[in-house]
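The chain contents come next:
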Amino acid sequence: MRKTLLWNWTKFLGVVTVLTVSAHVFLSLSKHSAGPDPLPEEEYRLISPLTYQYLLNQPDVCRDRSPFLVLLVPVAPQEAAARDAVRRSWGSAARDVLTLFYAGLPPSGPQSRLQRALVEESKLHADIIQMNFMDNYQNLTIKTMMMMKWTATYCSSASYAMKVDADIFVNVYYLIQRLRSSPRLGFITGSLIRDGTPRRDPQSKWYLAEEQYPESSFPPYVSGAGYVFSTDLASRISWASRFVRMIHLEDAYVGLCLRVLGVRPVYSYDLFLRNLFEIQNLAYDRCSFARLVIANGFPPRELLHAWQDFAKGHASC
Ligand SMILES: *[C@@H]1O[C@H](CO)[C@@H](O)[C@H](O)[C@H]1NC(C)=O
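Residues numbered from 1 in each chain as written. Predicted model: local features only at pLDDT ≥ 70, side-chain atom pairs only at ≥ 80, totals over all residues. Heavy atoms only, no water.

**Q** It is not clear to me how the sheet that holds strand 6 (residues 168-170) should be interpreted in this structure. Could you clarify?
**A** Picture the strands of a sheet paired through backbone hydrogen bonds; they go either parallel or antiparallel. Pairing in this open sheet of 3 strands is mixed, and the strands run 6-13-12 from one edge to the other. The open sheet has two edge strands with one neighbour each: strand 6 and strand 12 (277-281). Here the average twist between neighbouring strands, direction ignored, is 15°. Sheet topology note: the strand 12/strand 13 (residues 294-296) ladder contains 3 bridges and is parallel. Bridging from a neighbouring strand, F277 pairs with I294 of strand 13. (Pairing = 2+ DSSP bridges. Helix = DSSP H or I, 4+ residues; strand = E, 2+ residues; numbered from the N terminus. Axes fitted to C-alpha atoms, helices over the stretch in contact; angles between N-to-C directions.)

Laid out in structure tokens, this is it:
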């Protein structure tokens, strides 16, 4: 009798020990695989698109069609001329491509004349999406996360998305051709910056205080002028932003989200190892532009002027 009691007690202790050890192992493993800690609620609120409301939306543009490529163009509310130039050039040049503009609130507020003009323009073209955060340079990262969330929610059936500024020359023909043979998942490409470091000089446009970003370098990222990704990344980047403190450099911020996901951005070369995403300003040249995906530095008039020639002539290069 005594013996069985002792035996049972030993067995019980044994089971408890095994359970405790496995619980420890399980916890340390899951802690390890969970990666970084989520942001405190008030820090995530600033960047989360759920904090803001749509003032203008186009929820049905991808309902009855699955575009091959969605072009996501951040613009300030007052940049009507830039939107117009994009609509009349690369924004409407190819079938299977959808172009949308993303704006925040004008500094003059939701009752301003500027806002009324934007609403009218939106009725006419049905291509403007607006949320109620203040539209300025410091808030561009909020806008990028809004574009990611929007794509994940309303246009995840598209194969690829491209974030591209309005003053960029986009050779959509060549881009589509390149994308036809690109990976369909976990893919992001552009002008790759491998060794970016935060600027600590307060006079710099790219200044980043050490309290905001203590690390001495950035993980690899693609320049914000124009980058292309498979649309599965839109929801994954949105998810990853729960773990990444907001910095106003939107492209470096996306790079930090990619690090959380373990996704490496890739460089786009042609056969001659030329960068296809040219972020330097280049003078327009029909046949050299035929072999590029983007070129930088095209205000509305220059863009329209160059495009007139390019649309007619690029095929003969
Ligand atoms: C960014 O937008 C939020 C929401 O409108 C606003 O509270 C904040 O002041 C803006 N940031 C800057 C630097 O303007």
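**Q** I tried to follow the nonpolar core on my own but got confused; where do I start?
**A** Nonpolar side chains tend toward joint burial in soluble globular proteins. Of all hydrophobic cores here, the largest spans 47 residues; its most connected members are V70, Y102, I188, F218, F229, I237 and I247. In terms of residues, this core owes the most to one element, helix 8 (residues 250-261), which gives 7 residues. In contact with I237, not counting residues within four places along its chain, are M145, M148, V254, C257, L258 and L261. Counting residues in each nonpolar core, the second largest holds 40 residues, with V73, F169, V228 and A306 among its members. (Core = buried A, V, L, I, M, F, W, Y, C linked by side-chain atoms within 4.5 Å. Buried < 20%, exposed > 50% of the residue type's maximum accessible area, 1.4 Å probe, protein only. Contact = heavy atoms within 4.5 Å.)

**Q** Help me out: how do you make sense of the site of the ligand in this one?
**A** Around the ligand, a shell composed of Y52, F133, M134, N136, Q138 and N139 is seen. N136 is positioned with one of its side-chain polar atoms (N or O) 2.7 Å from an oxygen atom of the ligand. N139 places a side-chain nitrogen or oxygen 2.3 Å from an oxygen atom of the ligand. In the complex, the protein chains occlude 54% of the 360 Å² of accessible area that the ligand would expose alone. Taken together, the residues that form the shell around the ligand break down as 3 nonpolar, 3 polar and no charged. (Near = heavy atom within 4 Å. Polar contact = N/O pair within 3.5 Å; in protein donor to acceptor, adjacent residues only side chain to side chain. Areas by Shrake-Rupley, 256 points an atom, 1.4 Å probe, with all protein chains shown as cover. Nonpolar A, V, L, I, M, F, W, Y, C, P; charged D, E, K, R; others polar.)

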